[in-house]
2 protein chains.
Amino acid sequence: MYESLFNYISLYSTESLSETEKELIKSIWEPKRLKKHQFFLEENKVCTYTGFILKGALRQYRVDNVGVEHIIQLAIENWWVADRDSFFNRTPSKYYIDAWETTQLLIMHRDNLDAFLKIPAVKEMFWEMNQKNHIASQKRLDDAMNLSAAGKYHNFQDQYPELIQRFPQHQIASYLGIAKETLSRLRRPSAK
Amino acid sequence: MYESLFNYISLYSTESLSETEKELIKSIWEPKRLKKHQFFLEENKVCTYTGFILKGALRQYRVDNVGVEHIIQLAIENWWVADRDSFFNRTPSKYYIDAWETTQLLIMHRDNLDAFLKIPAVKEMFWEMNQKNHIASQKRLDDAMNLSAAGKYHNFQDQYPELIQRFPQHQIASYLGIAKETLSRLRRPSAK
DNA sequence: CGCGGGTTTGATGATGCTCAAGCCCGGTGG
DNA sequence: CCACCGGGCTTGAGCATCATCAAACCCGCG
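Note that this is a predicted model, so its numbers are computed, not measured.

*Asks:* Residue-level account of the sheet that holds strand β2 (residues 39–41) of chain B, with values.
*Replies:* Residues and elements named next belong to chain B. Spatially, the 4 strands line up as an open sheet ordered β2-β7-β4-β5, and their pairing is antiparallel. Looking at which strands have only one partner, the edges of the open sheet turn out to be β2 and β5 (69–75). Mean inter-strand twist for the sheet, computed between neighbouring axes without regard to direction, equals 30 degrees. As judged from the 2 bridges shared by β2 and strand β7 (residues 96–99), these two strands associate in the antiparallel manner. From the neighbouring strand, L41 faces β7, where its bridge partner is I97. The strands touched by helix α8 (residues 169–176) within the sheet are β4 (58–63) and β5, with β5 carrying the most contacts at an inclination of about 100 degrees.

Next up, the structure:
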């Protein structure tokens, strides 16, 4: 059950986890199950937990002032879920996070964050992740600004083929910031 | 000369800098002057230095395959400059960074990064900055995808009024991902 | 005085959004 | 076993927003 998490940590760190550290992790991360459509986080609530997906799929989105959902992130196995801002700063969130498939998670309360970060391998992993995330969001921004709808979609296909299988295409469209009809038309008369 | 840097560090950290730490910082950060249009970084080179702006203004941009510049970042006093990816991972950069005004910087070689990060206040500051950056780029992405040209510009006005003074508007347009003509038209028949 | 960077203005057209309708298909209940 | 329902996907028509191209303008400076 905890193996995926341990693996993930060692993947992004040069240090390895001692047995006592593994025990610590087991004591602060707890399993949690979400049924489809169940919320992990709702708007205006503080994101007190961060999650690691063992099996399943979640979406993070916000709802604009006319009630339309804007998908911020689609996440599957071995991804983290949380509203970073809300989680770290204990501020109310602007986002919803819910399960798109029935999902098995490990979750950790914000109160245990410091203890978790005391583990050197974890600290290093977080650091690496920050870097990676930053670079990734820079790229995503660049794509969003400079690519055509077709470009965005092809890009997405290349980068996240798994996600295409797991989410309906109107959600992908929302994630990419294009209309679902446009995405539909892109797929039709098409190459590849 | 080093006071701005010290101030910046204490601003983002709960810890404070000892005298010996300040001495260390002075030994690894060196002053550097750039004349207008002089490069801090060029495409395909590794970004071996990171900089902190004491006075002046820089732009970071990439050049697309038809030769058009896309501004990634505009930076003035008390901002950091570097291509993070290139700097941390020692990989060739896709970006140019050059001085838009004559600029006074402090710079640090990548080889001194570890020593720099050994200072607790610095480590903490970096951590905080990572968080802030991440949240900011999330917001920027959201804006880029969902706002109209007018919305983007108003937003920019609110968030970075100083930058409007310092850079010509076609650069701001590029930063915002809109055509310079569009920006010009936005300003004319104008509110606010 | 003339040059050059920056800005403005106008005309045109592409891209992609909106709205509206119909379709496809899998699941449910009669 | 079939009819219906609903979510998702497709298709079409019209339209808004912006990018593009081209020309003129403005102004500080050598």
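*Asks:* Pulling in residues and values, what's your account of the interface of chain B and chain A?
*Replies:* Between chain B and chain A, the contact holds 17 residues from the first and 17 residues from the second. At the level of elements, α3 (84–89) and α5 (120–146) of chain B are the ones that each hand at least two residues to the side of chain B that touches chain A. If you tally residues by element for the side of chain B that touches chain A, the top one is α5 of chain B, at 12 residues. Counted by class, the side of chain B that touches chain A contains 5 nonpolar, 9 polar and 3 charged residues.

*Asks:* How would you sum up the relation of the copies chain B and chain A? Please name residues and give values.
*Replies:* It takes a turn of 180 degrees to lay chain B on chain A, together with a shift of 0.0 Å along the axis; the resulting RMSD is 0.0 Å. On this basis, the relationship between the two copies can be described by a two-fold rotation axis. Within chain B, the C-alpha atom positioned nearest to the axis of rotation is that of L141 of chain B, 2.6 Å from it. A shared interface surface links the copies, since 100% of the contact residues of chain B are contact residues in chain A too.

*Asks:* Can you lay out the protein's contact with DNA strand C for me, pointing to particular residues and giving the numbers?
*Replies:* As a structural note, the neighbourhood of DNA strand C is formed by 16 residues, with S148, A179 and T182 of chain A together with Q169 and S184 of chain B the closest of them. Of all the secondary-structure elements, those providing two or more residues to the surface near DNA strand C are α6 (149–159) and α9 (180–187) of chain A together with α8 and α9 (180–187) of chain B. Among the elements that line the surface near DNA strand C, the one with the most residues is α9 of chain B, at 5 residues. Here the surface near DNA strand C is built from residues that sort into 5 nonpolar, 5 polar and 6 charged.

*Asks:* Got a sec to walk through the sheet that holds strand β5 (residues 69–75) of chain A? Specific residues and values, please.
*Replies:* Residue and element names in this part refer to chain A. As summarised here, the arrangement of the 4 strands in space is β2-β7-β4-β5, forming an open sheet in which the pairing is antiparallel. Two strands in the sheet have a free side with no partner beyond their single neighbour: β2 (39–41) and β5. Neighbour-to-neighbour, the strand axes of the sheet open up by a mean angle of 30 degrees, direction not taken into account. Helix-sheet contacts for helix α8 (residues 169–176) involve β4 (58–63) and β5, and the interaxial angle to β5 is about 100 degrees.

Rules and cut-offs
- Residues numbered from 1 in each chain as written.
- Chains lettered and ligands numbered in written order.
- Predicted model: local features only at pLDDT ≥ 70, side-chain atom pairs only at ≥ 80, totals over all residues.
- Pairing = 2+ DSSP bridges.
- Helix = DSSP H or I, 4+ residues; strand = E, 2+ residues; numbered from the N terminus.
- Axes fitted to C-alpha atoms, helices over the stretch in contact; angles between N-to-C directions.
- Contact = placed C-beta atoms within 7 Å.
- Nonpolar A, V, L, I, M, F, W, Y, C, P; charged D, E, K, R; others polar.
- Least-squares fit on C-alpha atoms with pLDDT ≥ 70 in both.
- Near = placed C-beta within 6 Å.

Just geometry here; none of it tells us what the structure is for.
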